[in-house]
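Chain by chain, the residues:
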Amino acid sequence: MTRRFDFLVIGSGIAGISFALKAAQYGKVAILCKTTLGESNTSFAQGGIASVTYKPDSFEKHIEDTLIAGDGHCDADVVNKVVTEAPSQIEELLNWGIDFDRTEEGLFDLHREGGHSEHRILHHKDNTGYEIQQALIREVKRHPNIEIFERHFAIEILTQHHLGEYVTHHTPGIECYGAYVLEQRTNYIHTFLSKITLMATGGIGRVYSTTTNPDIATGDGIAMVYRARGIVKDMEFVQFHPTALYHPGDRPSFLITEAIRGYGAVLRTQNGKEFMYKYDERGSLAPRDIVARAIDNEMKTRGHDYVYLDVTKKNPEETKVHFPNIYKKCLEYGIDITKDYIPVSPTQHYLCGGILVDMNGRSTIDRLYAAGECSCTGLHGANRLASNSLIEAIVYADAAVKDAVKRLDEIGINEFVPDWNDEGTSLPEEMVLITQSFREVEQIMSTYVGIVRSNLRLQRAMNRLEILYKETENLFNKSVVSREICELRNVISVAYIIIKHAIARKESRGLHYTVDYPEKHKTDL
Ligand code: FAD
Ligand code: SIN
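Since the model is a prediction, treat every value here as computed from it, not as a measurement. (Residues numbered from 1 in each chain as written. Chains lettered and ligands numbered in written order. Predicted model: local features only at pLDDT ≥ 70, side-chain atom pairs only at ≥ 80, totals over all residues. Heavy atoms only, no water.)

Once that is clear, we can look at the site of ligand 1. Taken together, 38 residues surround ligand 1, and among them Ser12, Thr42, Gly48, Glu373 and Ser389 come closest. At 2.6 Å, a side-chain N or O of Glu373 approaches an oxygen atom of ligand 1. Here a nitrogen atom of ligand 1 sits 2.7 Å away from a polar atom, N or O, in the side chain of Ser389. Within the complex, the protein chains bury 98% of what would otherwise be the 1000 Å² of accessible surface of ligand 1. Every element with two or more residues in the shell around ligand 1 is listed here: helix 1 (14-23), helix 2 (41-44), strand 6 (152-158), strand 13 (342-351) and helix 11 (389-407). (Near = heavy atom within 4 Å. Polar contact = N/O pair within 3.5 Å; in protein donor to acceptor, adjacent residues only side chain to side chain. Areas by Shrake-Rupley, 256 points an atom, 1.4 Å probe, with all protein chains shown as cover. Helix = DSSP H or I, 4+ residues; strand = E, 2+ residues; numbered from the N terminus.)

Right, let's talk about the environment of Ala504 for a bit. Inspection of the secondary structure assignment puts Ala504 in helix 14 (residues 483-504). Remark: the alpha-carbon pair of Ala504 and Leu468, spanning 36 residues in sequence, is separated by 22 Å.

This structure, assessed with the given rule, holds zero disulfides. We note that Cys352 lacks a disulfide partner, and the nearest cysteine sulfur, in Cys376, lies 8.4 Å from it. On the basis of relative accessibility, which here comes to 3%, the residue Cys376 falls in the buried class. (Disulfide = S-S within 2.5 Å. Buried < 20%, exposed > 50% of the residue type's maximum accessible area, 1.4 Å probe, protein only.)

Across the six residues of strand 7 (residues 178-183), six count as buried, placing the element largely inside the fold. Bridge count for strand 6 against strand 7 is six bridges, and the pairing is antiparallel. From the neighbouring strand, Phe153 faces strand 7, where its bridge partner is Leu182. Direction of pairing for strand 7 relative to strand 8 (residues 188-199): antiparallel, over a ladder of six bridges. Counted as the bridge partner of Val181 is His190 from strand 8. (Pairing = 2+ DSSP bridges.)

For the rest of this paragraph, the subject is the environment of Val432. Looking at the secondary structure, you find Val432 in helix 12 (residues 431-448). Judged by its relative accessible area of 49%, Val432 is partly exposed. With 379 residues separating them along the chain, Val432 and Thr53 place their C-alpha atoms 52 Å apart.

Another point: the nonpolar core. Judged by nonpolar contacts, the single largest core of 127 residues is most densely connected at Phe19, Met199, Ile222 and Ile498. Ranked by the residues each element gives to this core, the list is headed by helix 14, at eleven residues. Beyond its immediate sequence surroundings of up to four residues, Ile222 is in contact with Thr201, Ile204, Val232, Met235, Leu351, Gly354, Ile355, Cys374, Val494 and Ile497. The next biggest cluster of nonpolar side chains, apart from the first, holds 26 residues, and it includes Ala294, Val311, Ile337 and Ile342. (Core = buried A, V, L, I, M, F, W, Y, C linked by side-chain atoms within 4.5 Å. Contact = heavy atoms within 4.5 Å.)

In the vicinity of ligand 2, the contacting residues are Gln46, Gly47, Glu113, His241, Leu255, Thr257, Glu258, Arg288, His349, Arg384, Ala386 and Ser387. Between an oxygen atom of ligand 2 and a side-chain N or O atom of Thr257, the distance comes to 2.6 Å. One of the backbone nitrogen or oxygen atoms of Ser387 is found 2.6 Å away from an oxygen atom of ligand 2. Of the residues contributing to the shell around ligand 2, the split by class is two nonpolar, six polar and four charged. (Nonpolar A, V, L, I, M, F, W, Y, C, P; charged D, E, K, R; others polar.)

Our focus in this paragraph is empty space enclosed by the protein. Counted by the stated rule, this structure contains one cavity of 30 Å³ or more. Put simply, the largest cavity is a space of about 50 Å³. Taken together, Phe240, Asp289, Ala292, Arg293, Ile451, Gly510 and Leu511 make up the full set of residues lining the largest cavity. At three residues, helix 8 (residues 288-302) tops the list of elements feeding residues into the lining of the largest cavity. Its residues assigned to classes, the lining of the largest cavity comprises four nonpolar, one polar and two charged. (1 Å grid on protein atoms, 1.4 Å probe; cavity = no way out; pocket = protein on both sides within 12 Å on 5 of 7 lines; lining within 4 Å. Points joined across faces, edges and corners; volume = space filled by probe spheres on them.)

What follows deals with the pairing of strand 12 (residues 307-310). Burial along strand 12 is two-sided: Val307 and Leu309 and Tyr308 and Asp310, pointing in opposite directions, are all buried. Pairing geometry for strand 11 (residues 266-268) and strand 12, over three bridges, is antiparallel. Residue pairing in the sheet places Leu267 in a bridge with Leu309 of strand 12. In terms of strand pairing, strand 12 meets strand 13 through three bridges, oriented antiparallel. Bridge assignment links Leu309 to a residue of strand 13, and that residue is Ile342.

If you walk across this open sheet you meet the three strands as 9-14-16, and the pairing is mixed. Unpaired on one side and paired on the other, strand 9 (232-233) and strand 16 (375-376) mark the two borders of the sheet. Relative to strand 14 (residues 354-356), strand 9 runs antiparallel, the two being bridged by two bridges. For Val232, the partnering residue across the bridge sits in strand 14 and is Ile355.

With that settled, consider unusual backbone geometry. Of the consecutive residues Lys55 and Pro56, the connecting peptide bond is found in the cis state with omega at 10°. Note on placement: Pro56 falls in the loop between strand 3 (49-50) and helix 3 (59-69). Here the bond from Arg251 into Pro252 is cis, since omega is 0°, no more than 30 degrees from zero. Although it is not a glycine, Asp234 adopts a positive phi angle of roughly 60°.

Let's shift gears to the pattern of salt bridges. Across all of its chains, the model carries 37 salt bridges by this definition. We note a salt bridge from Arg268 to Asp310, for which the minimum N-O separation is 2.8 Å. Of this pair, Arg268 sits in strand 11 while Asp310 sits in strand 12, and the two are 42 residues apart along the sequence. Accessibility assignment for this pair places Arg268 and Asp310 in one class, buried. In this structure, the salt-bridge partner of Glu507 is Arg505, at a minimum N-O distance of 2.5 Å. Neither residue differs from the other here; Glu507 and Arg505 are each classed as buried. (Salt bridge = Lys/Arg side-chain N within 4 Å of Asp/Glu carboxyl O.)

Here it is, written out as structure tokens:
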């Protein structure tokens, strides 16, 4: 079936829904998600959302902290935009009914996290993302101009390529007309035509074997845009969160928020020694790349699988009030965080790179915008400052709506897009081929493309991945389309781009550290 909308939004996290709610004032909106509205990285966010709220904090300080964390690779104009527009976007969240914690005096209770020089993190207990996601879902469900399509998987964006025209890599002038979308209940592939499309598909966690991201994080949007010849940037900057709960087999890994270190928790080796001051004068509150690398080094030199996070010196009742979910979750594993040290290790958490967009959220493909974790705005540079991603997502969703509505009347729906053609395909014979290949990608990436890299490891990863790529393309071309085969294809593409960009960066900067080029270039690439 062919469906027509003014706006097609692929993704129902904070970027997708906040865009949809604003765009719906100007036209009909379709919002797609591949499982349910609530399953997103957004729902998992713990620490909170960074925004300058009270003195002595200032825009200048937030800007400086973001630039320092980004290690010389941020776009200063973008940093200025996000930081200065943050308070008005927080107002919008409050208008949608999101409830941030307040002190007894009625002021916002602000947390502090690694790399922040001030307390500036608005939060709802230690499950801010869930609170935001639920409020957005309430709003989107009651909007008359928004149609919601759950369990609808976007396979490809539609461009001139589907009209039969030949387009070379990165040719300017590529346009997006919507997407082919698999309805998972019926296995039917619909054509969604739109004037404007927003890519808001979130993260890439499933490229690695341990991640804090939920299962939906397979980098689909990035892979779709790359296949459509759009520009994807900064993919070597994969962020590992220093403190995921060490509990082998958990998927996703449970996060122990950085806010707990802002509150006073410290990192210790397994024999109880505090070690962070050896690496950085900010100790346990240094930016994430530094803390993750320090933990990785302690674990490797000592042959340990984890280090400890110690919050036992803080008032137990206060700890329970501030971090109720972490307290409860750890207790389920027999760890009372008010008395016991918490075993933690670094785990894939976030991607700083993604679909290149300008200050209006426009990608390099016309009529296609991107926002949220799948995009690369230039805010995070080589390393994201904690709690800067939720705010980036709403600031850019807002910018994208404002830009898109100016052009809406000039754009028509392209009626020449043919239906999906699945001639010559059959059901995949063995599902095990897909699941096994998935595991192999995760293993390759975790073993060779983790926190510390080298030329040899990256080249080995590339060689292994090439085999998987060929096998999977072969399988895809012969198989009836399924979510599983598409996701496998997408994680292989994302892994390939990460390795390619990592090989190209012949220096160490932010999250990209390689033993072959341990120094940073004087000027950024
Ligand atoms: P998501 O919220 O991930 O939404 C992606 C959407 O895309 C989903 O609806 C999914 O179904 C849909 N989708 C994906 N592929 C397809 C497809 N092919 N077809 C259809 N739909 C598709 N950031 C902060 O700023 N502060 C924090 O405290 C914080 N804590 C975090 C804690 C955890 C455990 C994690 C995992 C992340 C945290 N982050 C935090 C990062 C932040 O949550 C994410 O970067 C952000 O929520 C991403 O939002 P998004 O809208 O871009 O994507
Ligand atoms: C955390 O709560 O530590 C995560 C914050 C973030 O990823 O920004």
